[in-house]
Structures are given as structure tokens and as C-alpha cells.
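# Report on the structure
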Amino acid sequence: MKILDYLLTFNYSKYFIIMARTFITYAFFKLLKYIIVYVTTKWIKRSKTRFVFHQSVNIILNILCFGIIFLLWFPYLKSVMTIISFVSAGVTIAIREIILNLFAGFYIKAKKPFKLEDRISIDGVTGDVVLINNLSFKILEVGDRINGEQSSGLIINIPNSYVFSKTLKNYSLAFKYIWNEITIKLRIDADLEKNKQEIMNIINSNETVSEIPKKMKKEIKQATIDYRIYYNHLEPIIYTKVQDNHIELSLRFLTHPKKTRIIEDYLWTNILKEYKENKIDLFVD
């Protein structure tokens, strides 16, 4: 009965006014954002610079909007909280998630476990970060490594709080290159040294791959400031193993995660070409 009496005697008129002011404030900042975006789209030509600027404007306007709305509601917060206390625990859980996502958003911006354009994997989803908001971030999904990590075209929205509760893999946090391997099968009677040399010639003939070790050395030097990371060997290397009735070579090399499929296509095209010219003794089941 106390709850019913409170709701019946509650002064709703002043809250209609404050809600109208809140709506006008929100609409004003939305219009202001639209005007700024419209003007700067013509003024700033470089797409990445324009995108980063628009995101900065969005954050600043959101903070200002939230601050003004908070000031509008501040004198009435006690009454509002009294009403909320009468509502079920579901509201509390919803507010908890919003607050957790908000704090996680601050963490992402401050500690930068990932940034725009990084390729990440979280909660079983892999993709490139295309947007970071106050409550969530969006990634452009890519396939698994077996399928070359090509874009699927799907944009997935992920709550910011996942950075606290899920395992996060960042492909370019310390440096932007990753190790990749392809398996090449040779006949058991193949000239091992000759075949390995032919394969090394192919991998080293790719300018993208051959330049990476030099760049990687600089990135590792920088990364060791924050991480206990070191590599003794950065050049492409081939490991050998005998499997039943054939020789199995594992070609290991550094590549950019977004160019893996292109490099693999280049390697296999040239390996097959060498096979047809009897320079590489591939094992064919």
C-alpha cells in the first residue's frame, strides 16, 4: 500500500517538464553533431583522419550532453531513485551492465588493449575493429585461418565488458606481424636439400615477406620496453619431418595477418610451377 500511495501522490507534472528539457537537450546535441559531420566531411579529405575526428567529436558531445542532462536531473535524483527502488531487480542488472560497459569503454581508451583497425579475436569471433563506442565496439568479421581470414562482410557488435570477462587475442598489439606456416609434402626419395633450396628461393623472392624481418627487428626492439618478448630467428625457415611414406616440410615465415592468403596463394602458385618443371618433388597421394 505504501508503494501505491507514493505513486498516487507523486508530482508527475514537473517530471514531464524535465523530460521535455532532456529530449530537447539530446536533440540539440544530435543536430550539432550532424552539422559538424556534414561540414567536416567536405573539409577533411583523408578518410581515416575524418573518421578519427568524427569519433573524437562524438565522444566530446556525448560527455557534454550527459553532463547537462545530469545537471537537469540532479535536483530530482532522490525522488527518481525512490521510484527505481520500487522496480524489480531486472532494472538494477540492466544498469549494472551499462555501468560495467561504460567503465570498460574508459579502460579500452586508456589502456588500449586494441585500437581501430587492429585484428582481434574475442569470444570465438575474429575480425578487424572498425568502431569503438562508449558501451560497445564493432568488428568486421573475418573467417578462420584455414580459410585465409577473408572478410565475411558481417559487422558484429560486442559489449565493452567482454574485455574483462573473455579471452582477447590481438594480432598487432606488440607488433603487426604474425608467424604463419604451410605444410609441403615431398616424395620419400626426394633430394631434400635441393627441394628445400627451391622452396626458400620462392619465399625469399616475395618482396613483402623478405622485407618483414628488417621491420620486425625494429618493432621487437620497441615491444621489449613493455613486454618480455624476444626472437632469435626472424627469417623464413623450413622444418623437416618424415611421415609414413613421404617427407613433410613445414615452411614458417612472418606475414601481415591481413595478407596471409595473398602470400599463401603466391607460394603455392610458384611451388606448383616448379613441380611441373620437375624442380620440386611434391608427394601426390
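Scroll up a little and you will see the structure.
As a starting point, this report considers the structure included with it.

Procedures and definitions
- The residue count restarts for each chain, going from 1 along the sequence in the order it is written.
- Per-residue local features are limited, in this predicted model, to residues with pLDDT of at least 70; the limit for side-chain atom pairs, both in listing and counting, is 80 or more; totals at the level of whole chains, interfaces and linings are taken over all residues.
- Each side-chain value is worked out from all heavy atoms of the structure, with water and hydrogens disregarded.
- Put simply, DSSP H or I for four residues or longer makes a helix, DSSP E for two residues or longer makes a strand, and each gets a number counted from the N terminus.
- Multiply 1.5 Å by the residue count of a helix minus one, and that product is the helix's expected span.
- Only protein chains enter the accessibility calculation, which uses a 1.4 Å probe; a residue whose area is less than 20% of its type maximum is buried, one above 50% is exposed, and one in between is partly exposed.
- Along the arc lie the directions from the helix axis toward the C-beta atoms.
- Every residue pair with non-hydrogen atoms within 4.5 Å of one another is taken to be in contact.
- Aromatic rings from Phe, Tyr and Trp, with only the six-membered ring used for Trp, were paired whenever their centres fell within 6.5 Å, and each pair was classed as stacked if the ring planes differed by under 30 degrees, edge-to-face if by over 60, and tilted otherwise.
- Counting as a charge over the ring demands two things of the Lys NZ or Arg CZ atom: a distance within 6 Å of the ring centre and an angle within 35 degrees of the ring normal.

## Side note on helix α9 (residues 260-276)
- Between its first and last C-alpha atoms α9 spans 24 Å; for 17 residues at 1.5 Å apiece the expected length is 24 Å, and the two agree.
- Turning to α9, its buried residues number three or more, namely T260, I263, L267, I271 and E274. Taken end-on, α9 shows its buried residues confined to a sector of 75°, consistent with a single buried face. For α9, exposure combined with an orientation more than 90 degrees from the buried face picks out I262, D265 and K276.
- On its buried side, α9 packs onto β6 (178-187), α7 (192-205), α8 (207-223) and β8 (246-255).

## Observations regarding unusual backbone geometry
- For D123, which is not glycine, the phi torsion reads 55° and is therefore positive.
- Turning to its location among the elements, D123 is positioned in the loop between β1 (119-122) and β2 (125-132).
- In this structure, D244 is a non-glycine residue whose phi angle is positive, near 50°.
- Inspection of the secondary structure assignment puts D244 in the loop between β7 (237-243) and β8.
- A relative accessible area of 76% places D244 in the exposed class.

## Describing the packing of aromatic side chains
- Following the criterion strictly, the structure yields 5 aromatic pairs and no others.
- Note on Y34 and Y38: the rings are 6.3 Å apart at their centroids and 20° apart in plane angle, and the pair reads as stacked. One end of the pair, Y34, and the other, Y38, are both in helix α2 (residues 13-43), 4 residues apart, so they sit about a helical turn from each other.
- What makes Y34 exposed here is its relative accessible area of 55%.
- In this structure Y38 comes out as partly exposed when scored by relative accessible area, which is 46%.
- Over the aromatic face of Y162 sits the side chain of K166, whose NZ or CZ is 5.3 Å from the ring centroid.
- Looking at R252, its charged tip hangs above the ring of W179, at a distance of 4.1 Å from the centre.

By themselves, these are just geometric observations and shouldn't be taken as functional.
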